[in-house]
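# Structural overview for review
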Amino acid sequence: KKTEQLENSNQRLQKLNRVKNEFLSMVSHELKTPLTAIRTSSEFLREEDYDRETQEEMLDLIIRNIDRQSRMVDDLLDISRIESGRMVFKEEKVDLKEIIDNVIQMMEPMATKHGIAIERELDNDPRVKADKDKLLRVFVNLLNNAIKFTADRGESIKIKTEETGDFVEISVIDKGIGIPENEQEKIFEKFYQVDSTSRRKVGGSGLGLAIIKGIIEGHGGSIRVKSEPGVGSTFVFTLRKWEE
Ligand code: ADP
């Protein structure tokens, strides 16, 4: 019995170690990609005599990659805060209408660029108990994905709220490429991306949904996805209503 227990815990440790190594190798790879782009462009800029316009293009590329790198580091810090229980959540009275209007305004330029309209359908005038900045982040990430995976279909995206008991249920509905059934659980794991070329080219680190899930669960809510390939995806999450 004792040896059996020892063997089991030994196997568990080996598995943890494997997971940790995979994680490190994934992180290193993700962080290396922008660095390579920055390094190459800088070298060219130093060696070659480009005209002003080309120089500006290359500098833009460098800045974009620095931003990407720094977003990724922020995301990694957040994931680590979430997993170690160090992320602190404020309890603010949040007017959902206000925050949704805010988010639509922020995301509209990107959506319009892809011919996508963002609509909202609010049930009453919901107030929830939440950390406003973190909730904004959840919306931005979900909309960002919805736009990314709807691009070039010209279909609208909808944000809907519905009160159910002590909670408000919030849905972000897209008519994009959808997610196969067997992937729907996994997309909430860190670094997981559904693997197909059409998805890969839209970029991202696979951290977004893991952070969103951590934030929502940190609020005492939950998040799930309903999706069908070729039809679209709906992300539904819950937040506690604000009680006066
Ligand atoms: P990222 O967007 O950086 O890849 P996320 O954690 O936000 O990482 O998403 C993980 C994966 O889930 C994405 O790579 C994509 O395959 C899938 N996904 C997320 N949102 C959608 C969506 N609205 N429609 C289709 N697929 C999605």
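Worth saying up front: this structure is predicted, and the values here are computed from it rather than measured.

## Here we look at helix H1 (residues 2-47)
In this model, H1 (46 residues) spans 66 Å end to end at C-alpha, consistent with the 68 Å of a helix rising 1.5 Å per residue. Taken together, the buried positions of H1 are Val-27, Glu-30, Pro-34, Ile-38 and Ser-41. Of the surrounding elements, those touching the buried residues of H1 are helix H2 (52-83).

## What to know about unusual backbone geometry
Even without being a glycine, Asn-124 presents a positive backbone phi close to 60°. Here Asn-124 lies in the loop between strand E2 (118-121) and strand E3 (127-130). By relative accessible area, which is 58% here, Asn-124 ends up exposed. Unusually for a residue other than glycine, Phe-191 sits at a positive phi of about 70°. Of note, Phe-191 is situated in the loop between strand E5 (167-174) and helix H5 (197-200).

## Some points on the nonpolar core
Among the nonpolar cores identified, the biggest contains 46 residues, and Leu-96, Leu-135, Phe-139 and Phe-237 are the most heavily contacted of them. Among the elements that take part in this core, helix H4 (residues 132-148) stands out by supplying 8 residues, more than any other. If we skip the residues at most four places from it in the chain, Phe-237 touches Leu-135, Val-138, Phe-139, Leu-142, Val-168, Glu-169, Ile-170, Ile-216, Ser-222 and Ile-223.

## What about helix H6 (residues 208-218)?
Every α-helical turn comprises 3.6 residues, leaving residues that sit three or four positions apart pointing alike. Of the positions making up H6, those classed as buried are Leu-209, Ala-210, Ile-211, Ile-212, Gly-214, Ile-215 and Ile-216. The secondary structure elements touched by the buried residues of H6 are H2, H4, strand E6 (223-228) and strand E7 (232-240). Looking one or two residues beyond H6, the residue adopting positive phi is Gly-220, at roughly 85°.

## Brief notes about the pairing of E5
For E5, the tally of buried residues reaches 6 of 8 residues, placing the bulk of the element in the interior. Pairing geometry for strand E4 (residues 157-164) and E5, over 7 bridges, is antiparallel. Counterpart to Lys-158 in the pairing with E5 is Ile-173. Hairpin remark: E4 followed by E5, antiparallel, with 2 residues in the connecting loop; positive phi at Gly-165, about 60°.

## Structural notes on the packing of aromatic side chains
For the structure shown, the criterion picks out 3 aromatic pairs. Relative to Phe-237, the ring of Phe-139 lies with its centre 5.7 Å away and its plane at 65°, an arrangement referred to as edge-to-face. Linking Phe-139 in helix H4 with Phe-237 in strand E7, this pair joins segments that are 98 residues apart in sequence. Among the residues examined, Phe-237 registers a relative accessible area of 0% and is labelled buried. Cation over ring: Lys-134 sits above Phe-89, and NZ or CZ is 5.6 Å from the ring centre.

## Some points on the site of the ligand
The environment of the ligand is formed by 20 residues, the closest being Asn-145, Asp-174, Gln-193, Ser-205 and Leu-209. Between the ligand and the protein, one listed contact pairs an oxygen atom with a side-chain N or O atom of Asn-145 at 2.8 Å. Val-194 has a polar backbone atom sitting 3.1 Å from an oxygen atom of the ligand. When residues in the shell around the ligand are grouped by element, the largest group, 3 residues, is from H4. The class makeup of the residues in the shell around the ligand is 9 nonpolar, 8 polar and 3 charged.

Cut-offs and rules
- Residues numbered from 1 in each chain as written.
- Predicted model: local features only at pLDDT ≥ 70, side-chain atom pairs only at ≥ 80, totals over all residues.
- Heavy atoms only, no water.
- Helix = DSSP H or I, 4+ residues; strand = E, 2+ residues; numbered from the N terminus.
- Expected span 1.5 Å × (residues − 1).
- Buried < 20%, exposed > 50% of the residue type's maximum accessible area, 1.4 Å probe, protein only.
- Contact = heavy atoms within 4.5 Å.
- Core = buried A, V, L, I, M, F, W, Y, C linked by side-chain atoms within 4.5 Å.
- Pairing = 2+ DSSP bridges.
- Phe/Tyr/Trp six-rings, centres within 6.5 Å; stacked < 30°, edge-to-face > 60°.
- Lys NZ or Arg CZ within 6 Å of the ring centre and 35° of its normal.
- Near = heavy atom within 4 Å.
- Polar contact = N/O pair within 3.5 Å; in protein donor to acceptor, adjacent residues only side chain to side chain.
- Nonpolar A, V, L, I, M, F, W, Y, C, P; charged D, E, K, R; others polar.

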